[in-house]
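# Descriptive structure summary
Listed below are the residues making up each chain.
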Amino acid sequence: MEPGNLTGASEFILLGFSEEPELQPLIFGLLVSWITSALHSLLESLMVLRLTFCTDLEIPHFFCELNQMVQLACSDTFLNTMVIYFVAVLLGGGPLAGILYSYSKIVSSIRAIPSAQGKYKAFSNCASHLSVVSLFYCTSLGVYLSSAATHSSHSSAAASVMYSVVTPMLNPFIYSLRNKDIKGALKRFFGMAAIKKQLC
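These numbers come from a predicted model, not from an experiment. Within any chain, residue numbers begin from 1 and follow the written order of that chain's sequence. Totals for whole chains, interfaces and linings use every residue, but because this is a predicted model, local features are given only for residues with pLDDT of at least 70 and side-chain atom pairs only at 80 or more, for both listing and counting. Side-chain figures throughout are based on the complete set of non-hydrogen atoms in the structure, without hydrogens or water.

With that out of the way, let us pick up the overall build of the protein chain. What counts as a helix is a DSSP run of H or I of at least four residues, what counts as a strand is a run of E of at least two, and both are numbered from the N terminus. Broken down by element type, the protein chain carries 7 helices and 0 strands. Along its sequence from the N terminus, the protein chain presents helices and strands in the succession α-α-α-α-α-α-α. A buried classification covers 21% of the 200 residues belonging to the protein chain. Here, residues are in contact when the closest pair of their heavy atoms is within 4.5 Å. Contacts in the protein chain between residues at least 24 apart in sequence constitute 53% of all its contacts with a sequence separation of at least 6. Exposure was quantified through the Shrake-Rupley algorithm and a 1.4 Å probe, taking into account, for residues, occlusion by the shown protein chains and nothing else. Carbon and sulfur atoms form 70% of the exposed surface of the protein chain, whose accessible area is close to 14,000 Å². Under the scheme applied here, a residue whose accessible area is under 20% of the maximum for its type counts as buried, over 50% as exposed, and between as partly exposed, the area being computed with a 1.4 Å probe on protein chains only.

Written as structure tokens, this is what we have:
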């Protein structure tokens, strides 16, 4: 354990999860993330429970999106809307600030690389991650911070699909394309498909 860690409870938790000191902050951050997510879900669920709803309503989504539920309520939703905005800024802005800070450090490190080929390779590795992060943040912020006056259920549903389904599906696909074996298999597959198409 590090000499700066003086609390017995955190030492017990960190040692219980990992024997390697360099993994302990990562595991502790994961634990804090899970607890924060659970508390956020509990807060939002309790906030929706205090609302009253009219009888004949249809949620225009394939899952119960929180802002859709709040917009369908018949009672006053000011407090719910403020909590949604506050939590979106807090839980979305914190990680976004961390991502932007880490990318500023990455860009400054890449600029120090002397060869142009090394810079290109480093930037191409970062571009795929940045594109997925941008897709996730733009669509989720569009859903949660959009105004009720300019709200379209179809565009909101499409944006919800983008950040809840498409982004997690893109991650393994993008990162596996960095592997030369996967690239070769895809080239052979599409080459075979083109040959079969010519024969038919």
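Quick look at the side chain of E44 now. For E44, the position within the fold is in helix α2 (residues 24-49). Counting rule applied: Lys, Arg positive; Asp, Glu negative; His and chain ends not counted. One side-chain nitrogen of Lys or Arg within 4 Å of one carboxyl oxygen of Asp or Glu is enough to make a salt bridge. No salt bridge is formed by the buried E44. Its closest oppositely charged neighbour is R50, at 9.5 Å. Setting aside its immediate chain neighbours within four residues, E44 contacts L66, V83, I84 and V87.

Attention now moves to a nonpolar patch on the surface. Here a patch means residues that are over 30% exposed by relative accessible area and free of salt bridges, tied together within 9 Å if like-charged and within 5 Å if nonpolar (Val, Leu, Ile, Met, Phe, Trp, Tyr). Residues I35, L39, L42, L46 and L49 make up a contiguous nonpolar surface patch of roughly 520 Å² in combined accessible area. Inspection of the secondary structure puts L42 in helix α2. For L42, a relative accessible area of 46% translates into the label partly exposed.

Moving on: the confidence of the model for the protein chain. Within a predicted model, pLDDT stands for the predictor's per-residue confidence, ranging from 0 to 100. Residues with a pLDDT of 70 or more make up 74% of the protein chain, whose mean pLDDT is 76. Within the protein chain, helix α4 (residues 78-111) carries the highest mean pLDDT (86), whereas helix α1 (residues 8-17) carries the lowest (60).

Structurally, N80 is set in helix α4. The exposure class assigned to N80 is buried, which follows from its relative accessible area of 1%. When near neighbours in sequence (up to four residues on either side) are disregarded, N80 contacts M47, V48, R50, L51 and V70.

For α4, spanning 34 residues, the distance from its first C-alpha to its last is 47 Å, which sits close to the expected 50 Å at 1.5 Å a residue. A residue's bend is simply the angle between two axes: one fitted to the seven residues ending at it, one to the seven starting at it. A maximum bend of about 30° is found in α4 at G93, where proline P95 lies one to four positions downstream. Taken as a whole, α4 has its buried residues at N80, V83, I84, V87, A88, G92, Y103 and I110. In a helix, the anticipated span is given by 1.5 Å times the number of residues less one.

Now for a positive patch on the surface. Residues K121, K180, K183 and K187 make up a contiguous surface patch of positive charge. Counting residues per element, the positive patch draws most heavily on helix α7 (residues 180-199), at 3 residues. A charge is said to be at NZ when it belongs to Lys, at CZ for Arg, at CG for Asp and at CD for Glu.

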